[in-house]
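Here is how the chains run, residue by residue.
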Amino acid sequence: MMSVLSPEELSARLRAVGEERYHHKHPFHVLMHEGRLTRGQLQAWALNRAYYQSKIPVKDALILARSGDPAFRRVWRKRVIDHDGGAGEPGGIEKWIRLAEATGLDRDRVIAGEEILPGVRFAVDAYLNLVAERSLLEAVASSLTEMFSRDLISLRLDKVRLHYPWLEKGLDYFTARLSQAPEDAGFALDWVTLHARTRDEQELAISALRAKCDILWAQLDAIYFAYVEPGWPPPGAFRIEEKSA
């Protein structure tokens, strides 16, 4: 029988998942940060990622609904507001739409979401299913990809400003997440290390984070296949126009 990990050991195991599996190493992101994507490919990415962004507050509402702890809910509901917006302030969804507009896409086209890749839709919906169907511990643990996002966002801001200066007006989403993500991740990590009391529960938490990393990677796989190599978008999906290539 495996012994229970200490909070420090569990945290280290969770961070190791990010080092191995987080999508900062995906070839699509590598191309982005090297300045080797076309405007059309960035449009495809922004459009498809908008579907994921639109489901983040849905995911967090599912987690809220599953918790019977008012103290937990008071903290977690901030995530919904961060993405939906409130008190006249734009949230993450609106900021992502503005990023997509900065690539040259029409706002209504992004909101409609009719040209999302099937692979992206399937991956995002799988994340909602994970949060709804697995334990609350696993649902919270799956959010811990935020532990790794700040470094990626910092790199992305630097590289986008260098290689795609015309996107500058659409970067508010990323600048906001520089502070939001670490705060959210800190609470979630403390909660997971406190509530994963057995080794089996700890392994479930690690597995849930691994699954979330796979879901993020799968989205980029679909985008890379459709718009980079071999470049085969399926019927009904977004098509890169000549003038955007």
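The structure under discussion appears in the preceding block.
Just so you know, these numbers come straight off a predicted model, no measurement behind them. (Residues numbered from 1 in each chain as written. Predicted model: local features only at pLDDT ≥ 70, side-chain atom pairs only at ≥ 80, totals over all residues. Heavy atoms only, no water.)

### Some thoughts on helix 3 (residues 39–66)
Item 1. Here helix 3 contains 28 residues, and its C-alpha end-to-end distance of 41 Å stays within 8% of the 40 Å for a straight helix at 1.5 Å per residue.
Item 2. Along its length, helix 3 reaches its greatest deviation from straightness, about 30°, at Lys 55, and the proline Pro 57 lies no more than four positions downstream.
Item 3. Of all the 28 residues making up helix 3, 20 are buried; the element is thus mostly covered by neighbouring parts of the structure. (Helix = DSSP H or I, 4+ residues; strand = E, 2+ residues; numbered from the N terminus. Expected span 1.5 Å × (residues − 1). Bend = angle between axes of the 7 residues up to and from the residue. Buried < 20%, exposed > 50% of the residue type's maximum accessible area, 1.4 Å probe, protein only.)

### Observations regarding the environment of Leu 157
Item 1. Within the secondary structure, Leu 157 is located in helix 9 (residues 146–163).
Item 2. Taking C-alpha positions, Leu 157 is 7.3 Å from Phe 174, a pair spaced 17 residues apart along the chain.

### Comments concerning empty space enclosed by the protein
Item 1. On inspection of all chains with the given rule, the structure shows 2 cavities of 30 Å³ or more.
Item 2. Volume-wise, the largest cavity comes out at about 290 Å³.
Item 3. Elements that contribute at least two residues to the lining of the largest cavity include exactly helix 3, helix 9, helix 10 (172–195) and helix 11 (199–227).
Item 4. Grouping the constituent residues of the lining of the largest cavity by class yields 11 nonpolar, 5 polar and 6 charged.
Item 5. For the second largest cavity, the calculated volume is near 50 Å³.
Item 6. Sorting the residues of the lining of the second largest cavity by element identifies helix 3 and helix 11 as the ones contributing at least two each.
Item 7. No other element matches the 4 residues that helix 11 contributes to the lining of the second largest cavity.
Item 8. Its residues assigned to classes, the lining of the second largest cavity comprises 4 nonpolar, 2 polar and 1 charged. (1 Å grid on protein atoms, 1.4 Å probe; cavity = no way out; pocket = protein on both sides within 12 Å on 5 of 7 lines; lining within 4 Å. Points joined across faces, edges and corners; volume = space filled by probe spheres on them. Nonpolar A, V, L, I, M, F, W, Y, C, P; charged D, E, K, R; others polar.)

### A closer look at the packing of helix 3 against helix 4 (residues 70–84)
Item 1. At a minimum axis separation of 9 Å, helix 3 and helix 4 run at an interaxial angle of 165°. Between helix 3 and helix 4, the angle is such that the two are roughly antiparallel. Viewed along their axes, helix 3 and helix 4 form a crossing whose handedness is left-handed. Across from Gln 53, Ile 56, Pro 57, Lys 59, Asp 60, Ala 61, Ile 63 and Leu 64 in helix 3, the residues of helix 4 making contact are Phe 72, Arg 73, Trp 76, Arg 77, Arg 79, Val 80, His 83 and Asp 84.
Item 2. Broken down by class, the residue content of the contact of helix 3 with helix 4 amounts to 8 nonpolar, 2 polar and 6 charged. (Axes fitted to C-alpha atoms, helices over the stretch in contact; angles between N-to-C directions. Parallel < 35°, antiparallel > 145°, perpendicular 65-115°, else oblique. Left-handed = near helix turned anticlockwise from the far one by under 90°. Contact = heavy atoms within 4.5 Å.)

### Considerations on the environment of Phe 238
Item 1. On the secondary structure map, Phe 238 appears in the segment after helix 11.
Item 2. Spatially, the C-alpha atoms of Phe 238 and Ile 116 are 6.8 Å apart, while their sequence positions differ by 122 residues.
Item 3. If sequence neighbours within four positions are ignored, Phe 238 has contacts with Gly 40, Gln 43, Ala 44, Leu 47, Leu 105, Arg 109, Glu 115, Tyr 227 and Pro 233.

### Things to note about the environment of Trp 76
Item 1. Topologically, Trp 76 is positioned in helix 4.
Item 2. Sequence separation between Trp 76 and Phe 187 is 111 residues, and the spatial gap between their C-alpha atoms is 8.9 Å.
Item 3. Those residues in contact with Trp 76 that lie beyond four places of it in its chain are Asp 60, Ile 63, Leu 64, Val 140, Ser 143, Phe 187 and Ala 188.

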